[in-house]
Amino acid sequence: MPHTLTIVQWLLLAVAVQQVVFSTAWLAVARLAGLARQSAYYWAAFCGLGALSILLLALRGNVPQVLGYQLADVLLVISATAARRASELFFDRPGRLREHALIIGLAILGIGLTGTSVAMEEWRIAIVCLLIAWIAARGVWGVHASMAQEFGRPVTLLLHGPTLFIAATLLWRAFAVFTGNGQALDYREDGLLNELLTLTLLLVASFLSLIYGGMLMARLVRRLHDLALKDPLTGLLNRRAAQQLLEREWALTATKTCRFAC
């Protein structure tokens, strides 16, 4: 029998709608811009699959259990894998396609074996937490150096700090199950903690897409700057860049001369 949706479930539905909007926007970016097109497609997949997973999680009790539990959890792992693949493509890092396929396969196998029974719910949660924590940690490790080199350490830490914190939290959650201290939390129930967790999810989802969009925009601006000031064949400064450099040096020389003369 369908259950009445709680406030938390309505908030989760809002997160799902937000992710659909982001997914649509990234599909438009991928179609209109040649820069990082494949990466944008994978980021759209991350948002879209995440939206579907959150939608099914929000509707648990109102949809068949195989959808609200097993499919929702598998989609969550696939969504995280798509985000990692997007970052690999964006920073031109080697694709770990076999590792991605193995992670998804383990998710399908583990979640399928645990089923939808209440007795196995903690183990299913532990499997999902472990896999997503692995994806997050490996994703940070794979692109950290490239991101720091291109965008600087502050931006890199701004993005990777929360990601690693989430990975550590998920590992702690899985460890609690293995030590017998895990306890299932019904996220659908109304309450301050659940509402804060859902709002945090909303903010994190927005944060990730905005940071990724900011990096894409920064790279585009840098490319346009290079095209305006460098010869595309040789990579040397063109006449405009040389003129700007001469004017800057002339102004610097005039300032130094004025200091000595005065």
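The preceding data block contains the structure.
Only a predicted model underlies this, so the values are computations on that prediction, with no experimental measurement involved. The numbers attached to residues start from 1 for each chain and follow its sequence in the written order. Only residues with pLDDT of at least 70 are given local features in this predicted model, and only at 80 or more are side-chain atom pairs given and counted; all residues enter the totals for whole chains, interfaces and linings. The basis for the side-chain values is all heavy atoms of the structure; hydrogens and waters are excluded.

Turning next to the overall build of the chain. If you tally the helices and strands in the chain, you get eight helices and zero strands. Any residue under 20% of the maximum accessible area for its type is buried, any over 50% is exposed, and the rest in between are partly exposed; the area is computed with a 1.4 Å probe on protein chains only. Taken over 262 residues, the chain has a buried fraction of 37%. Total accessible area computed for the chain in this model is approximately 15,600 Å², and 70% of it derives from carbon and sulfur atoms. Strands are runs of DSSP state E lasting at least two residues, helices are runs of H or I lasting at least four, and both sets are numbered from the N terminus onward. Using a 1.4 Å probe, the Shrake-Rupley method yields the accessible areas, and only the shown protein chains count as cover for residues.

Right, let's get into the nonpolar core. Grouped together as the largest cluster of nonpolar side chains are 22 residues, with contacts concentrated most on Trp26, Trp43, Phe46, Phe90, Phe91, Met147 and Met215. Secondary-structure elements contributing two or more residues to this core are helix H1 (7-32), helix H2 (37-58), helix H3 (65-90), helix H5 (121-151) and helix H7 (192-229). Every residue pair with non-hydrogen atoms within 4.5 Å of one another is taken to be in contact. Discounting chain neighbours no more than four positions away, the residues touching Phe90 are Ala36, Ser39, Phe151, Tyr212, Met215, Leu216 and Arg219. The definition of a nonpolar core used throughout is a set of buried Ala, Val, Leu, Ile, Met, Phe, Trp, Tyr and Cys residues joined through side-chain atoms within 4.5 Å.

Its maximal kink placed at Val143, H5 deviates by approximately 50 degrees. One or two residues past the end of H5 sits Gly152, with phi positive at roughly 95 degrees. The quantity called bend is, for any residue, the angle between two axes fitted respectively to the seven residues ending at it and the seven beginning at it.

Moving on to the packing of H2 against H3. Close contact between H2 and H3 brings their axes to 8 Å; oriented N to C, the two are set at 160 degrees. With respect to H3, the axis of H2 lies roughly antiparallel. Note that H2 runs across H3; the crossing there is left-handed. As a working rule, the residues Ala, Val, Leu, Ile, Met, Phe, Trp, Tyr, Cys and Pro are called nonpolar, Asp, Glu, Lys and Arg charged, and the rest polar, with Gly in that last group. Tallied by class, residues from the contact of H2 with H3 come to 20 nonpolar, six polar and two charged. Convention adopted: a line fitted to C-alpha atoms gives each axis, helices being fitted over their contacting stretch, and angles between N-to-C directions are expressed from 0 to 180 degrees. Small angles under 35 degrees read as roughly parallel and large ones over 145 as roughly antiparallel, with 65 to 115 read as roughly perpendicular and the rest as oblique. In this scheme the handedness of a crossing depends on how the near helix is turned from the far one: anticlockwise by less than a right angle means left-handed, clockwise means right-handed.

Turning our attention to the environment of Gln9. Note that Gln9 resides in helix H1. Owing to a relative accessible area of 4%, Gln9 belongs among the buried residues under this scheme. Under this definition, polar contacts are N or O atom pairs within 3.5 Å; protein pairs additionally need one hydrogen-donor-capable and one acceptor-capable atom, and for neighbouring residues in sequence, both atoms have to be side-chain atoms. One polar contact links the side chain of Gln9 to the main-chain carbonyl oxygen of Ala58, over a distance of 2.5 Å.

Position of Thr81 among the secondary structure elements: in helix H3. Classification of Thr81 as buried rests on a relative accessible area of 6%. Once residues within four sequence positions are removed from consideration, Thr81 is found in contact with His100, Ile103, Ile104 and Ile135.

Moving on, we get to the packing of helix H4 (residues 97-114) against H5. Here H4 crosses H5 at 170 degrees, and the two axes come no closer than 9 Å. Between H4 and H5, the angle is such that the two are roughly antiparallel. Mapping the contact onto sequence places Glu99, Ile103, Leu106, Ala107, Gly110, Ile111 and Thr114 in H4 and Trp123, Arg124, Ile127, Val128, Leu131, Trp134, Ile135 and Arg138 in H5. Classifying every residue of the contact of H4 with H5 gives 10 nonpolar, two polar and three charged.

So, about the pattern of salt bridges. Any Lys or Arg side-chain nitrogen found within 4 Å of a carboxyl oxygen on Asp or Glu counts as a salt bridge. Applying the stated rule across the entire model yields six salt bridges. Residue Arg84 is joined to Glu88 by a salt bridge in which the shortest nitrogen-to-oxygen separation is 3.4 Å. Taken together, the positions of Arg84 and Glu88, both in helix H3 and four residues apart, correspond to about one turn of that helix. With respect to class, Arg84 is no different from Glu88; both count as buried. A salt bridge links Glu88 to Arg85, with the shortest nitrogen-to-oxygen separation between them at 3.2 Å. Taken together, the residues span about one helical turn, with Glu88 and Arg85 both in helix H3 at a distance of three residues. The residues Glu88 and Arg85 share a single accessibility class, namely buried. Look at the salt bridges and you will find they share partners, linking Arg84, Arg85, Glu88, Glu99 and Arg138 into a network.

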